[in-house]
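Overview (structure and organization)
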Amino acid sequence: MRLIVAGRKDEALAARVRDLATTLPEAASPFRLSPEHRALRLRMCADPAAFDALSLDLLRHHLALDPRPPAASRPQGIRARALAILRRALWRLLGAPLERLALQQTRINELLLDALGRIARRNDGPDRTEPAAKP
Amino acid sequence: MTRVDQLLDGYVPGDAVSRNALALRNQLRQLGYESDLFAVSDRIAPDGRADCRPLTDLGLRQPDAVILQYAIASSAAEIWRVGGFRRLLLYHNITPAEWFRPYDSVLAAQLEAGRRALPELLSAAHAVAAVSSFNAAELRALGAAAVRVIPLVCATSPPPAPDPTFAARLGGGFTNILHVGRLAPNKCIEDLIEAFGWYSRGFNPRSRLIIAGSDRSCPRYAALLRMVIVETRLETVWITGFLDDRQLSAAYATAALVVGVSRHEGFCAPLLDAARAGVPVLARAAGGIPEAVGGGALLFDEASPRELAALIHLATTDAALRRAIAEGQRARLAELDRRDIGAELRDWLTQAGVPPPASPPI
């Protein structure tokens, strides 16, 4: 990695960046899925038809809604901490109905994806996408 | 009165080519020329119709010269090539078709056709210019002898007042990381999303990634980005869609850093808009970007997602580094402000054999 700051090469900064990057724990990785199930694979598709087929396939890994509370952030200040406690309490209180809604929505997602898959197979043909704007 | 018109494939307010054409039209009028913009009628955005006329109206105007703002194959280029006027070609670069192949075969074919048509357009032109030396080098490689560089004029405009409602939505004590530009595969926004994941989980949970730009030019690529956001479970990444000038101004005003990770750019005007708004820039040194930003950015060639996260962290927290970037930005903007765009245009028109305006400049 080469860095240029205000028009000048900065090797000391590059070394600092490399050192800092190594301090990042594996737990900070944004990906939870294995590489073969990641959307980034779509970049390798040969054409839009292959893209559509693979994206339907990949969507199957995202059907289920997650009703768990969001990862805890580090609220700063008394007001923010109080709000965070209130939010957690509300989440616990709503836990059961949220899980029920998530389950229903997940089933609807499964049905929708199946329907999409059937439509895609029926319409299997040349790409008809028109560009919507200048690249 | 001498008339110098401009032809574009499409006209969308806010788009770099459209902004440049509008700024050049205003400059031409100031020089004393009659001047209007023309584009393929179904590719003029509804809010752009006040500034740009349908291509079919061009013949009625009988222009003395026409500038073609060229970035893709279109019927506008064909009309320009055979027109009975002095022909000036302004090249904005054509994104290599390979970037679009997985997403849009029609667009990929149009881009390929655009590159194939270049030699013919060059031989039809009475004068040729490009918006960066990077773009000019492409034309010289195709045999064009006298290519001048006329950088994007829109980059010298001051930002409008921020939209207060939109600015409020972007507040809340978060560190805002901003990407500006249409959602296109060559911009590699997925790399930024991944790096932002490392950054927000490893350095700064109170951070937000704002991806501002039209998501209509390549819908499948926009879908890929949304899938990446879903699978990384990043709740503070926001794809805003197209923003108007005042919303964009609000996005700059609330941003701690503007990041560009594109692997192919002819110029990249948003990085200069960021400098104009006083926001530090971190960008990949690709294509015409180093030339566009001059010393006004922290540039990297290659970086892993973790390294990019570390770069974002340092560029948002290290005061000395931010000062150095800001100084570079001020120097670059001062350099751009010293340009005499009127003189650049006059010289170019003279080179093309365009008669001077009959009336004195306003």
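Procedures and definitions
- Residues numbered from 1 in each chain as written.
- Chains lettered and ligands numbered in written order.
- Predicted model: local features only at pLDDT ≥ 70, side-chain atom pairs only at ≥ 80, totals over all residues.
- Heavy atoms only, no water.
- Helix = DSSP H or I, 4+ residues; strand = E, 2+ residues; numbered from the N terminus.
- Contact = heavy atoms within 4.5 Å.
- Areas by Shrake-Rupley, 256 points an atom, 1.4 Å probe, with all protein chains shown as cover.
- Buried < 20%, exposed > 50% of the residue type's maximum accessible area, 1.4 Å probe, protein only.
- Pairing = 2+ DSSP bridges.
- Right-handed = clockwise from strand over helix to strand, strands pointing away.
- Domains from an automatic or database assignment.
- Buried area = accessible area lost by both parts, 1.4 Å probe.
- Salt bridge = Lys/Arg side-chain N within 4 Å of Asp/Glu carboxyl O.
- Core = buried A, V, L, I, M, F, W, Y, C linked by side-chain atoms within 4.5 Å.

**Regarding the overall build of chain A**
Looking only at helices and strands, chain A has three helices and two strands in total. Starting at the N terminus and walking to the C terminus, you meet the elements of chain A as β-β-α-α-α. Long-range pairs, those at least 24 residues apart, make up 44% of the contacts in chain A with a sequence separation of at least 6. Approximately 9,700 Å² of chain A is accessible, and the part contributed by carbon and sulfur atoms is 57%.

**Some details on the pairing of strand β4 (residues 65–70) of chain B**
All names here are of chain B. Within β4, six of the six residues are buried, which leaves it mostly tucked inside the rest of the structure. Of the two faces of β4, both are covered, the one formed by Ala-65, Ile-67 and Gln-69 as well as the one formed by Val-66, Leu-68 and Tyr-70. Alignment of strand β1 (residues 4–8) against β4, held across four bridges, turns out to be parallel. Along β4, the bridge assignment pairs Gln-6 with Ile-67. Looking at chain direction, β4 and strand β5 (residues 86–91) are connected through six bridges and run parallel. In the sheet register, Ala-65 faces β5, and the bridge partner there is Arg-86. Taking the sense of rotation as the criterion, the β-α-β connection linking β4, helix α3 (residues 75–82) and β5 turns out right-handed.

**Examining the domain arrangement of chain B**
All names here are of chain B. The domain boundaries assigned to chain B delineate domain 1 (4–151 + 339–351) and domain 2 (164–337). Between domain 1 and domain 2, the C-alpha centre-to-centre distance is 28 Å. Taken together, the 23 residues of domain 1 in the interface contact 23 residues of domain 2. Surface buried jointly by domain 1 and domain 2 totals about 1,800 Å² across both partners, of which 63% is contributed by carbon and sulfur atoms. Among the residues of domain 1 in contact with domain 2, Trp-99, Tyr-103 and Arg-339 are the three that bury the most area, contributing 38% of the side total. Counting the contacts that link domain 1 with domain 2 gives one salt bridge. Ionic pairing is found between Asp-273 and Arg-19, a salt bridge with its closest N-O pair at 2.9 Å.

**Points about the nonpolar core**
Among the nonpolar cores identified, the biggest contains 88 residues, and Leu-42 of chain A together with Tyr-70, Trp-80, Leu-139, Ile-193, Leu-282 and Leu-298 of chain B are the most heavily contacted of them. When neighbours within four sequence positions are excluded, Leu-298 of chain B is seen to be in contact with Leu-3, Ile-4, Val-5 and Leu-13 of chain A together with Val-281, Leu-282, Ala-283, Leu-311, Ala-315, Leu-321 and Ile-325 of chain B. If you look at the next biggest cluster of nonpolar residues, it comprises 27 residues, including Leu-24, Ala-65, Ile-341 and Val-354 of chain B.

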